[in-house]
Amino acid sequence: MNLIVFALLALLAITAVAIAKLRELWAVIMFTGIYSFLSASWMMILDAPDVAFTEAAVGAGISTVLMLSTMALTGKAEEIPRKKSLVPLFVVLVTGATLVYGTLDMPHFGSPTAPVQVYPDPSFIERSEADMHGLPNVVTALLASYRGYDTLGETTVVLTAGIAVLLILRRDDEEKDESSRLAGNKTS
């Protein structure tokens, strides 16, 4: 199992470096889809199939289609920057160090002595009864109630992105029609 985990992490790192190095946007979009599928695999290893499914559908599926649609309206390659800046590297290093620092006091993954494994807090169950709204148990109440907000948020993001792409495509068609109409008026 550890071999699979390390191989998957290595593939994620290699894919991320490839995305950063490539300048052809089509290849970047395809590698981003691959990265999303690898991330979905990672979520499956962590026993989170709902998150893995969402990552595969939204990250690899819908996002790839939206990026390809956007690329159809823009250039096929990224412009090479004239000067190199160390600011992005600094931001990534600071963010990474902050994230690692934030995990230092966490219990080890799967530790049987972790607070979540030792006991459920009785007050949590007592407070949850008011939120259950007739559902049979606390777990079902959490999944039905609070995860619903998460799904609603994800759906809103995808819908907003889709509407934005449609508006961009529509505006481009209207601009072509307007420029054709103006060109026709100039010749008469």
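Residues numbered from 1 in each chain as written. Predicted model: local features only at pLDDT ≥ 70, side-chain atom pairs only at ≥ 80, totals over all residues. Heavy atoms only, no water.

Q: Any chance you could break down helix H3 (residues 49-73) for me, citing the residues and the numbers?
A: For H3, which comprises 25 residues, the first-to-last C-alpha distance of 35 Å matches the rise-based estimate of 36 Å (1.5 Å per residue) to within 8%. Of all bends in H3, the biggest is about 30 degrees, found at Ser63. Taken together, the buried positions of H3 are occupied by Ala52, Gly59, Ala60, Thr64, Leu66 and Met71. (Helix = DSSP H or I, 4+ residues; strand = E, 2+ residues; numbered from the N terminus. Expected span 1.5 Å × (residues − 1). Bend = angle between axes of the 7 residues up to and from the residue. Buried < 20%, exposed > 50% of the residue type's maximum accessible area, 1.4 Å probe, protein only.)

Q: An account of the side chain of Ser39 is needed here, citing residue identities and associated values.
A: Tracing the backbone shows Ser39 in helix H2 (residues 25-45). The class for Ser39 is buried, based on a relative accessible area of 14%. Filtering out sequence-adjacent residues up to four positions away, Ser39 remains in contact with Leu12 and Glu55. (Contact = heavy atoms within 4.5 Å.)

Q: Give a description of a nonpolar patch on the surface that names residues and reports values.
A: Taken together, the side chains of Phe124, Ile125, Leu142, Tyr146 and Tyr149 present a nonpolar region at the surface, about 480 Å² in accessible area. Elements represented by at least two residues in the nonpolar patch include exactly helix H6 (122-128) and helix H7 (138-187). For the nonpolar patch, the element with the highest residue contribution is H7, accounting for three residues. Along the chain, Phe124 turns up in helix H6. (Patch = residues over 30% accessible without salt bridge, like charges linked within 9 Å, V, L, I, M, F, W, Y side chains within 5 Å. Areas by Shrake-Rupley, 256 points an atom, 1.4 Å probe, with all protein chains shown as cover. Salt bridge = Lys/Arg side-chain N within 4 Å of Asp/Glu carboxyl O.)

Q: Before we move on, can you summarise the packing of H2 against H3 with the specific residues and values?
A: Where H2 contacts H3, the two axes come as close as 7 Å, and the packing angle between them is 175 degrees. Put simply, H2 runs roughly antiparallel to H3. On H3, the residues touching Leu25, Trp26, Ile29, Met30, Thr32, Gly33, Ser36, Phe37, Ser39, Ala40, Met43 and Met44 of H2 are Pro49, Val51, Ala52, Glu55, Ala56, Gly59, Ala60, Thr64, Met67, Leu68 and Met71. (Axes fitted to C-alpha atoms, helices over the stretch in contact; angles between N-to-C directions. Parallel < 35°, antiparallel > 145°, perpendicular 65-115°, else oblique.)

Q: Give me unusual backbone geometry: which residues, what numbers.
A: Of note, the phi angle at Asp47 is positive, near 60 degrees, even though the residue is not glycine. For Asp47, the location among the structural elements is in the loop between H2 and H3. On the basis of relative accessibility, which here comes to 68%, the residue Asp47 falls in the exposed class.

Q: Which residues make up the packing of helix H1 (residues 2-21) against H2, and what are the values?
A: Packed helices, taken two at a time, are described by their axes: the angle between them and the distance between them. The contact between H1 and H2 brings their axes to 9 Å, and the two run at 155 degrees. Classified by the angle between their axes, H1 and H2 sit roughly antiparallel to one another. For H1 against H2, the interelement crossing comes out left-handed. Residue-level inspection shows Ile4, Val5, Leu8, Leu9, Leu11, Leu12, Thr15, Ala16, Ala18 and Ile19 of H1 in contact with H2, the latter providing Val28, Phe31, Thr32, Ile34, Tyr35, Leu38, Ser39, Ser41, Trp42 and Ile45. Each residue belonging to the contact of H1 with H2 can be placed in one class, and the counts come to 16 nonpolar, four polar and no charged. (Left-handed = near helix turned anticlockwise from the far one by under 90°. Nonpolar A, V, L, I, M, F, W, Y, C, P; charged D, E, K, R; others polar.)

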